[in-house]
Amino acid sequence: MNQMDFLRCASVGVLFGLVGCSSNSVNDIDEVEEPTMLTKQTLNIEGLKHCNNANDDSIHLNPDEPLTIIVHGCFASAGQFKTLADVYGLYDQQAICFEYDDRKSLEETSGELVSALNKLSIENPHQSLHVIGHSQGGLVARRALTVDREDEKKVATKQLQLTTISSPFNGIEISSHCGMTSLRILSLGIVDLICYAVTGEKYQQIPPNADFIEQPGELLSSVSHHLVIKTDERNTCRRTNDDGICVEDDYVFSVSEQSNQEVDDVVHANPITVKAGHVEIVGNGNSVPTDLIDILKEQQLLIDNGTVGQLEQVRLIEQLYSQDDSSNLSILK
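These remarks concern the structure in this document. (Residues numbered from 1 in each chain as written. Predicted model: local features only at pLDDT ≥ 70, side-chain atom pairs only at ≥ 80, totals over all residues. Heavy atoms only, no water.)

## Considerations on empty space enclosed by the protein
Filter applied, for reference: Lining residues are defined by having an atom within 4 Å of a point belonging to a cavity or pocket. Those points lie on a 1 Å grid over the protein atoms alone, cavities being sets where a 1.4 Å probe fits but cannot get out and pockets being open sets with protein on both sides within 12 Å along at least five of seven lines. Grid points are joined across faces, edges and corners, and a volume is the space filled by probe spheres set on the points. Runs of H or I in DSSP of at least four residues are treated as helices and runs of E of at least two as strands, each being numbered from the N terminus. Amino acid classes used here: Ala, Val, Leu, Ile, Met, Phe, Trp, Tyr, Cys and Pro are nonpolar; Asp, Glu, Lys and Arg are charged; the rest, including Gly, are polar.
The tally for this structure, following the rule as stated, stands at 1 cavity of 30 Å³ or more. The volume enclosed by the largest cavity comes to roughly 60 Å³. Lining the largest cavity, in full, are Leu 139, Arg 142, Arg 143, Phe 169, Phe 212, Ile 213 and Pro 216. Elements that contribute at least two residues to the lining of the largest cavity include exactly helix 4 (136-144) and helix 7 (211-214). Ranked by the residues each element gives to the lining of the largest cavity, the list is headed by helix 4, at 3 residues. Residues belonging to the lining of the largest cavity are distributed by class as follows: 5 nonpolar, no polar and 2 charged.

Encoded structure:
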């Protein structure tokens, strides 16, 4: 689908779309004995859950192992990253998701992520964390890991890595009118009403000239690495018909919309551009995210411990994606 069609899913046909989802927390711990004799803990932290759509929000973790936390985008949910989390499981690594309300303020949502991470670190103070954010989820994830936040919250974890994928760090061009004060005044508030109807509370945070975009904030010193994956989404296809003709493109954000000098040109930032569609890069029912998996391996963010041969890895990963429900992934933004 083209960018205007993407907007149309959420609006009156003239605006824009983004990427993200909700929460805060309470911790309850139980020791559970697994068949492998590993002792895992059971935690209940609002916003953190296993990457599925189950009603049980308890998470079961090995506190002595690194943890990856995936932050989904707009019009998506934790369940749509189940297969990517399963890929981590294939390599004997653990991954969970952060779920949030994508119509909330991005400042508020990122604050909820800070609270969730801090409650996790109270239980496991020495556990290293890798936060992955896709699309709007990348905006939320990066903001959570900055210093001098408006709410004065700060992530306490001492070992952090960040990966953002297809995130519009330079603002969404088609939402520009939502940030034009003169137009908002001249329209007697109608522009505000339309923008709010389309995106919710975040409508003043996503235009290119928004403070949230122009002042992304300095990352915490505990963030050792920010991998900035940008996608060149031109001429990509999300869905074809039986004749192999593309009926829905996979273009959402331009490389320019994903490129912000204040994000790219900082210590420990590593921006790379990949030719891939917006959904294709993280995988859907029709495509395995080979590029993303290879990049994560190269950056040592997904560790191949050599216990599974290369051909077997390919077979198992393809099997995971072929079992996935592509209809659930078709709205991933």
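The structure having been displayed, the exposition proceeds.
## Considering the layout of surface pockets
There is about 750 Å³ of room inside the largest pocket. Taken together, 33 residues make up the lining of the largest pocket; nearest its centre are Pro 66, Asp 92, Gln 93, Gln 94 and Ala 95. Listing elements by their share of the lining of the largest pocket, those giving two or more residues are strand 4 (59-61), strand 5 (67-71), helix 2 (82-90), strand 6 (94-98), strand 7 (129-134) and strand 8 (160-165). Among the elements that take part in the lining of the largest pocket, helix 2 stands out by supplying 5 residues, more than any other. Looking at the lining of the largest pocket residue by residue, the classes come out as 13 nonpolar, 14 polar and 6 charged. When its residues are assigned to classes, the lining of the second largest pocket shows 4 nonpolar, 5 polar and 7 charged.

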